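Survey of secondary and tertiary structure
Single-letter residue listing:
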Amino acid sequence: QGLEDKTDKWQPFVVMAPLLFSQGQVAESIAHVEKALERSNNAAQVKQIAANLYHGQGNMLARDNKFAEAKTYLLKALTFFPSNMNYLASLIELEIKQKNIPEAQKLLDQFSSSEDVAAEHDYLQAVIRNAEGKPDDALKLYFESWNKKPLDVSAEAIFSQYQATGKKDLA
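In short, a report on the structure. Remember, it's a predicted structure, so these values are computed and weren't measured experimentally. (Residues numbered from 1 in each chain as written. Predicted model: local features only at pLDDT ≥ 70, side-chain atom pairs only at ≥ 80, totals over all residues. Heavy atoms only, no water.)

It is worth spelling out the side chain of glutamine 125 at this point. Within the element layout of this structure, glutamine 125 appears in helix H8 (residues 118-131). The class of glutamine 125 is buried, set by a relative accessible area of 10%. At a separation of 2.8 Å, a polar atom in the side chain of glutamine 125 contacts the side chain of glutamine 105. (Helix = DSSP H or I, 4+ residues; strand = E, 2+ residues; numbered from the N terminus. Buried < 20%, exposed > 50% of the residue type's maximum accessible area, 1.4 Å probe, protein only. Polar contact = N/O pair within 3.5 Å; in protein donor to acceptor, adjacent residues only side chain to side chain.)

Time to look at the packing of helix H7 (residues 101-110) against H8. It is the contact of H7 with H8, at a shortest axis distance of 10 Å, that shows an interaxial angle of 170°. By the criterion of interaxial angle, the relationship of H7 to H8 is roughly antiparallel. Residues Ile101, Ala104, Gln105 and Leu108 of H7 touch H8, and the partners they reach there are His121, Leu124, Gln125, Ile128, Arg129 and Ala131. Residue classes in the contact of H7 with H8 are distributed as six nonpolar, three polar and one charged. (Axes fitted to C-alpha atoms, helices over the stretch in contact; angles between N-to-C directions. Parallel < 35°, antiparallel > 145°, perpendicular 65-115°, else oblique. Contact = heavy atoms within 4.5 Å. Nonpolar A, V, L, I, M, F, W, Y, C, P; charged D, E, K, R; others polar.)

Before going further, it helps to spend a moment on the nonpolar core. Tyr54, Leu88, Ile92, Leu124 and Tyr142 are the most contacted members of the largest nonpolar core, which has 49 residues in total. No other element matches the eight residues that helix H6 (residues 85-97) contributes to this core. (Core = buried A, V, L, I, M, F, W, Y, C linked by side-chain atoms within 4.5 Å.)

Bringing the environment of asparagine 52 into the picture now. Position of asparagine 52 among the secondary structure elements: in helix H4 (residues 44-63). Distance from asparagine 52 to leucine 74, taken between C-alpha atoms, is 9.5 Å for residues 22 residues apart in sequence.

H6 packs onto H4 with a crossing angle of 20° between their chain directions and a minimal axis gap of 11 Å. Put simply, H4 runs roughly parallel to H6. Between H4 and H6 lies a crossing of left-handed hand. Between H4 and H6, the residues in contact are Gln48, Ala51, Asn52, His55, Asn59, Ala62 and Arg63 and Asn86, Tyr87, Ser90, Leu94 and Lys97, respectively. Across the contact of H4 with H6, the residue classes break down as four nonpolar, six polar and two charged. (Left-handed = near helix turned anticlockwise from the far one by under 90°.)

Before going further, it helps to spend a moment on H4. The end-to-end C-alpha distance of H4 is 29 Å, a good match for the 28 Å that 20 residues give at a rise of 1.5 Å each. Among the residues of H4, those classed as buried are Val46, Ala50, Ala51, Leu53, Tyr54, His55, Gly56, Gln57, Gly58, Leu61 and Ala62. Packing partners of the buried residues in H4 comprise helix H2 (11-22), helix H3 (26-39), helix H5 (67-80) and H6. Asparagine 65 sits one or two positions beyond H4 and adopts a positive phi of about 60°. (Expected span 1.5 Å × (residues − 1).)

A complete count under the given rule lists four aromatic pairs for this structure. Note on tyrosine 54 and phenylalanine 80: the rings are 6.2 Å apart at their centroids and 10° apart in plane angle, and the pair reads as stacked. You can see tyrosine 54 sitting in helix H4 and its partner phenylalanine 80 sitting in helix H5, a full 26 residues away along the chain. Here tyrosine 123 and tyrosine 142 contribute two aromatic rings whose centre-to-centre distance is 5.7 Å and whose plane-to-plane angle is 45°, an arrangement assigned as tilted. One end of the pair, tyrosine 123, is in helix H8; the other, tyrosine 142, is in helix H9 (residues 135-148), with 19 residues separating them in the sequence. The structure contains a cluster of three or more aromatic residues connected by ring pairs, namely Tyr54, Tyr73 and Phe80. A cation sits over an aromatic face here: lysine 76 above tyrosine 54, 4.9 Å from the ring centre. (Phe/Tyr/Trp six-rings, centres within 6.5 Å; stacked < 30°, edge-to-face > 60°. Lys NZ or Arg CZ within 6 Å of the ring centre and 35° of its normal.)

In structure tokens, the structure reads:
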């Protein structure tokens, strides 16, 4: 770790950040990636690493029911890459976990509705419909998502929906 103290370069910081994160030194990891962002003038590859770390930290905080902190980190990740379905899905799931369905819907409504992410959009809409207690609507949207682009998450959701409703023959 002494290398980054002896240089004004950003590379040692961006190399150390994921390593520290993987070792459970999250605060140090975030500090390193933020230093790399600053020194690299928000270089694209550094932003990607930062977004992944923010996303990971947000998900860990969500698991610990630290919702406000989790949302802060998930929003940071999404700010760097607003069309990233995984980042958005984590944020929507966080809102659903807090029973804040209108906020989850609002987040999805702000997400791109372009043709290249239509399957992802339908999948996330289905997740919200399911949280609203509308499993039939959700199933229809999971199928629409699958028909636009066969995503593993859509297939798993369709299977789970059939299992949950006792339609094991269809599952």
